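Notes for the structure review
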Amino acid sequence: MEKAVLRATVDRLVSDGYSRMTIGDIAADAGVTRPTVYRRWSNKHDLVVDALDFNFQQERDRHPIGPLEELPPVEALRQALRHASPFGPTGRGMTVIGNVLSEAERTPGLIELMREHALEPRQKPLIDTLRRLAAQGVLREGVDAELVADMMIGSYYASYMRHGKREPELGDRVVEMVWRLVGAEG
């Protein structure tokens, strides 16, 4: 029952957005009653927190990133950027992020929730990889790992806005270009 409710919550977050999704719709989608949902979660916010945690843990379990330290530098960056993609393995992440951004003024805590439970865990391996490569001297001196990671991840948003769709090879193209700019061999 709990997993069905959590899956239904993520589905509703994607389809309806936070402010339009209702506990009643989530309960109906999960095949349970509203009181059943309220016995476990006292409000929509708490339910969304648990649903996002559940969803992203499932993604990590189904698509583990693996030990990036064992890969050659460029391949490590490719894998880390794939992991950081705002689309996520299911392809629905960009929609969830868009829905959360549209709620920023009405529900300010939602962005922090998304940052903590979804974005930071995805971005951390990319930032850590850039820091490790910089410490190993594989990157040009003075490279700001967080700024480069933001630029790399930001390319997904810019491309999506420009083209209106996901570009499957974008991450590889971004890593190639970034490597030319920040790789120690220049």
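Residues numbered from 1 in each chain as written. Predicted model: local features only at pLDDT ≥ 70, side-chain atom pairs only at ≥ 80, totals over all residues. Heavy atoms only, no water.

**Things to note about the overall build of the chain**
Counting secondary structure elements, the chain contains 9 helices and 0 strands. In terms of its C-alpha atoms, the chain occupies a principal-axis envelope of roughly 60 × 35 × 25 Å. Burial statistics for the chain: of 186 residues in total, 43% are counted as buried. Long-range contacts, defined as pairs at least 24 residues apart, comprise 66% of the intrachain contacts of the chain with a sequence gap of at least 6. Roughly 10,000 Å² of accessible area belongs to the chain as shown, and the carbon and sulfur atoms make up 52% of that amount. Charged side chains of the chain number 25 positive and 28 negative; the gap between the two group centres comes to 5 Å. (Helix = DSSP H or I, 4+ residues; strand = E, 2+ residues; numbered from the N terminus. Buried < 20%, exposed > 50% of the residue type's maximum accessible area, 1.4 Å probe, protein only. Contact = heavy atoms within 4.5 Å. Areas by Shrake-Rupley, 256 points an atom, 1.4 Å probe, with all protein chains shown as cover. Lys, Arg positive; Asp, Glu negative; His and termini not counted. Charge placed at Lys NZ, Arg CZ, Asp CG, Glu CD.)

**Section: the environment of Asp25**
Examined against the element boundaries, Asp25 turns out to sit in helix H2 (residues 23–30). The spatial distance from the C-alpha of Asp25 to the C-alpha of Thr9 is 8.9 Å, given a sequence separation of 16 residues. Not counting residues up to four positions away in its chain, the partners in contact with Asp25 are Arg12 and Asp16.

**With respect to the packing of aromatic side chains**
Both the distance between ring centres and the angle between the ring planes are used here to describe each pair of aromatic rings. Evaluated as defined, the whole model comprises 2 aromatic pairs. Relative to Tyr156, the ring of Phe87 has its centre 6.4 Å away and its plane inclined at 75 degrees; by these criteria the two rings are edge-to-face. Taken together, the positions of Phe87 in the loop between helix H5 (73–84) and helix H6 (93–102) and Tyr156 in helix H8 (residues 145–163) put the pair 69 residues apart, joining distant regions of the chain. Tyr156 carries the same exposure label as Phe87, and that label is buried. With a centroid separation of 5.5 Å and 70 degrees between ring planes, the pair formed by Phe87 and Tyr160 is classed as edge-to-face. With Phe87 in the loop between H5 and H6 and Tyr160 in helix H8, the pair connects residues that are 73 residues apart, well separated along the chain. Among the residues examined, Tyr160 registers a relative accessible area of 30% and is labelled partly exposed. Every member of this aromatic cluster is reached through a ring pair, and the members are Phe87, Tyr156 and Tyr160. Of note, Lys44 hangs over the ring of Tyr18, and the distance from its end group to the ring centre comes to 4.5 Å. (Phe/Tyr/Trp six-rings, centres within 6.5 Å; stacked < 30°, edge-to-face > 60°. Lys NZ or Arg CZ within 6 Å of the ring centre and 35° of its normal.)

**Digging into the nonpolar core**
In this structure, Leu47, Val48, Leu52 and Met114 are the most contacted members of the largest nonpolar core, which totals 28 residues. The contacts of Val48, once residues within four sequence positions are left out, are Thr9, Leu13, Tyr18, Met21, Leu110 and Leu113. In this structure, Leu77, Met94, Leu139 and Val148 belong to the second largest nonpolar core, which totals 26 residues. (Core = buried A, V, L, I, M, F, W, Y, C linked by side-chain atoms within 4.5 Å.)

**Details of the environment of Val48**
Among the secondary structure elements, Val48 is positioned in helix H4 (residues 44–62). With relative accessibility at 1%, the residue Val48 sits in the buried group. Separated by 30 residues in sequence, Val48 and Tyr18 place their C-alpha atoms 8.6 Å apart.

**Overview of helix H7 (residues 109–135)**
Each turn of an α-helix holds 3.6 residues, which means side chains three or four residues apart point in the same direction. Maximum bend of H7: about 45 degrees, positioned at Leu119, with proline Pro121 one to four residues after it. One or two residues past the end of H7 sits Gly137, with phi positive at roughly 80 degrees. (Bend = angle between axes of the 7 residues up to and from the residue.)

**Section: the confidence of the model for the chain**
Put simply, the chain has an average pLDDT of 89, and 99% of its residues get 70 or more. Across the chain, the secondary-structure element scoring lowest on mean pLDDT is H6, at 80, and the one scoring highest is H2, at 97. (pLDDT = per-residue confidence, 0-100.)

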